[in-house]
Amino acid sequence: MLDIKLIRSNPDLVREAMRRRGETVPLDELLALDERRRALLSEAEQLKARRNRASEEVARAKRAGEDAGHLIQEMRAVGDRIQALDDEVREVDRRLNELLLAIPNIPHESVPYGESEADNVEVRRWGEPRRFGFDPKPHWDVAARLGILDFERAAKVAGARFAVYRGAGARLERALINFMIDVHTQEHGYTEILPPFLANAAAMTGTGQLPKFAEDMFRCEGTDLYLIPTAEVPVTNLHRDEILDADELPLYYVAYSACFRAEAGAHGRDTRGLIRQHQFNKVELVKFVRPDTSYDELERLVADAEDILKRLGLPYRVVQMCTADVGFAAAKKYDPEVWMPSYGRYVEISSCSNFEDFQARRANIRFRPARKAKPEFVHTLNGSGLAVGRTLAAILENYQNEDGSVTVPEALRPYMGGLERIEPER
RNA sequence: GGAAGGGUAGCCAAGCGGCCGACGGCAGCGGUCUUGAAAACCGCCGAGGGCGCAAGCUCUCCGUGGGUUCGAAUCCCACCCCUUCCGCCA
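Residues numbered from 1 in each chain as written. Chains lettered and ligands numbered in written order. Predicted model: local features only at pLDDT ≥ 70, side-chain atom pairs only at ≥ 80, totals over all residues. Heavy atoms only, no water.

Asks: Which residues make up the overall build of chain A, and what values do they have?
Replies: In terms of helices and strands, chain A carries twelve helices and 18 strands. Summarising its shape, the C-alpha atoms of chain A cover approximately 100 × 45 × 40 Å along the three principal directions. Across the 426 residues that make up chain A, the buried fraction comes to 50%. Within chain A, counting contacts between residues at least 6 apart in sequence, those at least 24 apart form 74% of the total. Total accessible area computed for chain A in this model is approximately 20600 Å², and 47% of it derives from carbon and sulfur atoms. (Helix = DSSP H or I, 4+ residues; strand = E, 2+ residues; numbered from the N terminus. Buried < 20%, exposed > 50% of the residue type's maximum accessible area, 1.4 Å probe, protein only. Contact = heavy atoms within 4.5 Å. Areas by Shrake-Rupley, 256 points an atom, 1.4 Å probe, with all protein chains shown as cover.)

Asks: Quick rundown of the packing of helix H5 (residues 139-146) against helix H12 (residues 388-398)? Include the residues and the values.
Replies: It is the contact of H5 with H12, at a shortest axis distance of 8 Å, that shows an interaxial angle of 80°. Here H12 runs roughly perpendicular to H5, going by the angle between their axes. For the pair formed by H5 and H12, the contact residues are His139, Val142 and Ala143 on the first element and Ala393, Leu396 and Glu397 on the second. In terms of residue class, the contact of H5 with H12 is built from four nonpolar, one polar and one charged. (Axes fitted to C-alpha atoms, helices over the stretch in contact; angles between N-to-C directions. Parallel < 35°, antiparallel > 145°, perpendicular 65-115°, else oblique. Nonpolar A, V, L, I, M, F, W, Y, C, P; charged D, E, K, R; others polar.)

Asks: Outline the pairing of strand S10 (residues 316-320), supporting the account with residue identities and numerical values.
Replies: Most of S10 is tucked away, with four of its five residues classed as buried. Bridging between strand S1 (residues 121-126) and S10 involves five bridges; their strand directions are antiparallel. Residue pairing for S10: Val121 is matched across the bridge by Gln320. When S10 meets strand S11 (residues 332-340), the two strands line up antiparallel, connected through five bridges. Note that in S11 the partner of Tyr316 across the bridge is Val338. (Pairing = 2+ DSSP bridges.)

Asks: Pulling in residues and values, what's your account of the sheet that holds strand S7 (residues 242-245)?
Replies: One open sheet holds the three strands; their spatial order is S7-S14-S15, and the pairing between them is mixed. In this open sheet, the two strands that pair with only one neighbour each are S7 and strand S15 (376-377). In this structure, S7 lies alongside strand S14 (residues 365-368), joined through four bridges in parallel fashion. Bridging from a neighbouring strand, Ile243 pairs with Arg366 of S14.

Asks: Go over the pattern of salt bridges, please, and point to the residues and values.
Replies: Applying the stated rule across the entire model yields 32 salt bridges. For Asp93, the salt bridge goes to Arg37, with nearest N and O atoms at 2.8 Å. A residue pair is termed long-range when its members are at least 10 positions apart, and Asp93 in helix H4 (residues 69-101) and Arg37 in helix H3 (residues 27-63) qualify at 56 residues. You can call Arg37 partly exposed: its relative accessible area is 23%. Arg290 is paired through a salt bridge with Asp292; the nearest N and O atoms lie 3.9 Å apart. (Salt bridge = Lys/Arg side-chain N within 4 Å of Asp/Glu carboxyl O.)

Asks: Tell me about the protein's contact with RNA strand B, and name the residues and values.
Replies: Contacts to RNA strand B come from 26 residues, most closely from Arg38, Glu45, Arg63, Arg76 and Arg366. By atom count, sugar and phosphate contribute 73% of the portion of RNA strand B lying within 4 Å of the protein. A distance of 3.3 Å is found between a phosphate oxygen of RNA strand B and a side-chain nitrogen or oxygen belonging to Arg90. Elements with a minimum of two residues in the surface near RNA strand B: helix H1 (4-9), H3, H4 and S14. (Near = heavy atom within 4 Å. Polar contact = N/O pair within 3.5 Å; in protein donor to acceptor, adjacent residues only side chain to side chain.)

Asks: Which residues make up the packing of aromatic side chains, and what values go with them?
Replies: Applying the stated criterion across every chain, the model contains nine aromatic pairs. An angle of 70° between the planes, with centres 5.1 Å apart, marks the rings of Trp339 and Tyr346 as edge-to-face. Ring pairing ties together the aromatic residues Phe213, Phe328 and Phe358, which thus form one cluster. Taking the ring centre of Tyr252 as reference, the NZ or CZ of Lys287 above it sits at 4.5 Å. (Phe/Tyr/Trp six-rings, centres within 6.5 Å; stacked < 30°, edge-to-face > 60°. Lys NZ or Arg CZ within 6 Å of the ring centre and 35° of its normal.)

Asks: Help me get a handle on helix H7 (residues 168-186), residues and values and all.
Replies: Along its 19 residues, H7 runs 26 Å from first to last C-alpha, staying within 8% of the 27 Å computed at 1.5 Å per residue. All of the buried residues in H7 are Gly169, Leu172, Glu173, Ala175, Leu176, Ile177, Phe179, Met180, Ile181, Val183 and His184. (Expected span 1.5 Å × (residues − 1).)

Asks: Explain the environment of Pro104 to me, and be specific about the residues and the numbers.
Replies: Looking at the secondary structure, you find Pro104 in the loop between H4 and S1. Judged by relative accessible area, which is 0%, Pro104 ranks as buried. Measuring from C-alpha to C-alpha, the distance between Pro104 and Gly404 comes to 47 Å, with 300 residues separating the pair along the chain. Those residues in contact with Pro104 that lie beyond four places of it in its chain are Leu2, Met18, Arg21, Glu23, Val25, Phe328 and Phe358.

Asks: Account for the environment of Gly114, naming residues and giving values.
Replies: With respect to the helices, strands and loops of the structure, Gly114 is situated in the loop between H4 and S1. On a C-alpha basis, the gap between Gly114 and Tyr343 in space is 24 Å, while along the polypeptide they are 229 residues apart. The residues touching Gly114, leaving out its near neighbours within four places in the chain, are Arg20, Asp119, Cys322, Thr323 and Ala324.

Asks: Explain the side chain of Asn354 to me, and be specific about the residues and the numbers.
Replies: Counting through the fold element by element, Asn354 comes out in strand S13 (residues 352-354). In this structure Asn354 comes out as buried when scored by relative accessible area, which is 0%. Not counting residues up to four positions away in its chain, the partners in contact with Asn354 are Ser294, Tyr295, Leu298, Ala330, Ala331, Lys332, His379, Thr380 and Leu381.

Asks: Run through the packing of H7 against helix H10 (residues 294-312), naming residues and quoting values.
Replies: At a closest axis distance of 11 Å, the pairing of H7 and H10 adopts a crossing angle of 125°. Judged on the interaxial angle alone, H10 and H7 are oblique. Considering the relative orientation of H7 and H10, their crossing is right-handed. In contact with Leu176, Phe179, Met180, Val183 and His184 of H7, H10 contributes Asp304, Asp307, Ile308, Arg311 and Leu312. For the contact of H7 with H10, the class distribution of residues is six nonpolar, one polar and three charged. (Left-handed = near helix turned anticlockwise from the far one by under 90°.)

Right, dumping it as C-alpha cells:
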C-alpha cells in the first residue's frame with residue numbers, strides 16, 4: 001500500500017510510476033475521496049468536541065442537582081448529525097481503502113523501464129550448460145525411467161498439475177529441502193520457521209495476495225482460510241501489528257512450506273513435468289530490515305539463493321525485472337533462473353524482491369528507530385531459496401547419464417545416505 | 001462440538017453509564033543520593049488521524065463489528081481469539 005500522504009503531496013510522481021509500470025490507476029477519484037474525507041472529518045470532529053464539552057457540563061449539572069434538559073435536547077440533534085457524518089466517513093474510507101489496496105508499488109529508480117517481460121535485463125551468469133554426448137531427455141522422461149515421479153496416479157488422486165514422488169525421488173525432494181534449510185540456517189544466518197500452510201484473509205491482504213489475486217489461490221470453502229501460495233504469507237505476517245525493537249533488526253527467516261496455486265490463466269502452459277504444479281515445495285527466505293539497508297539486503301538475499309545453485313552445480317543466470325514485470329507489491333525484483341536442457345533455456349527457480357514498506361504498511365509492521373522515537377515501517381524482502389520441485393527437475397535434467405541414471409550432486413549425498421547415483425529400477 | 005471463565009497500554013492489573021485514554025505495579029528512560037552499583041525517592045513513559053510554518057489545538061482507539069444513550073471500557077446483540085473442564089481425535 002502506498003502512503004496516502006505521498007499520493008496527496010506528490011500525485012505526479014505516483015502517476016509517472018504507474019505509467020512506467022503500464023498501469024492505470026484512478027488517482028483523481030482517490031484524491032477527491034481523500035479531500036472529501038478530510039472535510040467530513042473536520043466537521044465531525046468539531047461537533048464531537050462540542051458534544052464532549054456539553055457532556056462534561058451535563059455531568060457537572062447533574063452532580064449539582066441542576067436541570068440539564070435543554071442541553072440534552074440540543075445534543076440529541078448534534079448526535080444525529082455526528083452519526084450521519086460518521087456514516088459517510090465510513091463509506092468514503094471503505095472506498096478509499098479499496099482503491100489504495102489495488103494500487104501497486106512504485107518501482108525503485110534502479111529498475112529498468114520495460115513494456116513486457118521481454119525487456120527484463122540479464123545481470124549475470126554462472127556456470128556453463130553441460131555439453132551432452134547424447135540426446136538429453138526432459139526430466140519427466142528421466143523420472144519415468146527411474147520410477148521416481150508418477151503423474152498419472154497423481155491425476156487419479158487430485159487431477160492435473162499434481163505429482164507423486166516415489167522412492168529415491170521422494171527422498172531427493174526431502175534431501176533438497178533439508179540441504180537448503182541447513183545452508184541458510186547454518187551459513188547464512190537465517191532462523192528456521194515452520195509455518196501454517198493455511199492463512200486468513202487479513203494475512204493475505206498484508207502481503208498483497210488479496211484483494212487483487214484471489215483467483216490465483218485455493219480457498220477452503222465456508223472459511224476465511226486460503227492455502228498459502230508461498231511461505232512469504234505466513235512468515236511475513238508473523239509480525240503483523242507489531243512494533244519491533246530496533247536492535248531486533250534485521251530479522252532473517254527461512255521457512256519450508258508446501259505452496260498451492262490455482263494457476264488460473266495458465267492453461268496449456270508447462271503441462272508436462274514438475275515446472276507448473278498446483279502444489280509444490282519451496283524453501284523461502286524472508287527479511288525484516290531497517291529501511292536504509294534494504295537494497296543491500298536485497299543483493300545479499302539474491303546471493304544467498306544463488307549460493308544454493310552454485311553448491312548444486314546448476315548453471316544459472318540472474319535476471320532483473322523491468323517496470324512492467326516487477327510484480328504488484330515489489331519495488332525491485334531479481335529472478336534467478338536455472339538452465340533447463342529440455343527447455344533449451346533458463347527457467348525461473350527463484351524470485352527475490354524488496355517490497356520496501358509496501359507490505360509493512362498493509363500489515364502494520366513497524367520498528368522504533370531509537371528509544372522514544374516514533375515507530376516507522378520496516379522494509380520487508382523475500383525470495384525463494386529455492387523452489388524445490390524445479391530444483392529437482394533441474395538436477396534430473398542436468399545430471400542425467402546416457403544409461404538413464406542420474407548422478408546425485410555431491411552436496412546432496414550426505415542427505416541421501418551417501419547415494420551417488422539414482423539407477424533405473426529393474 | 002458442549003460448559004464455564006476471560007481479552008484493558010511493552011508486560012501484569014484496577015475499573016457503581018459522566019472527574020476514565022483509563023488507578024496501581026513491573027519493565028524502560030531521565031534525575032537525586034552513592035567512590036561505583038543496588039536500594040530508596042522524584043519526574044517522564046501507548047498508537048493513529050485532522051487542522052497548523054510552528055508552538056499547539058482537536059478527534060479516535062479498552063478483542064472486532066453493530067446497537068441503546070445527551071454521554072459507553074462499563075448496558076445489549078453478533079462474531080473472533082485465549083484458558084480450564086467434558087466429548088471426539090492424529
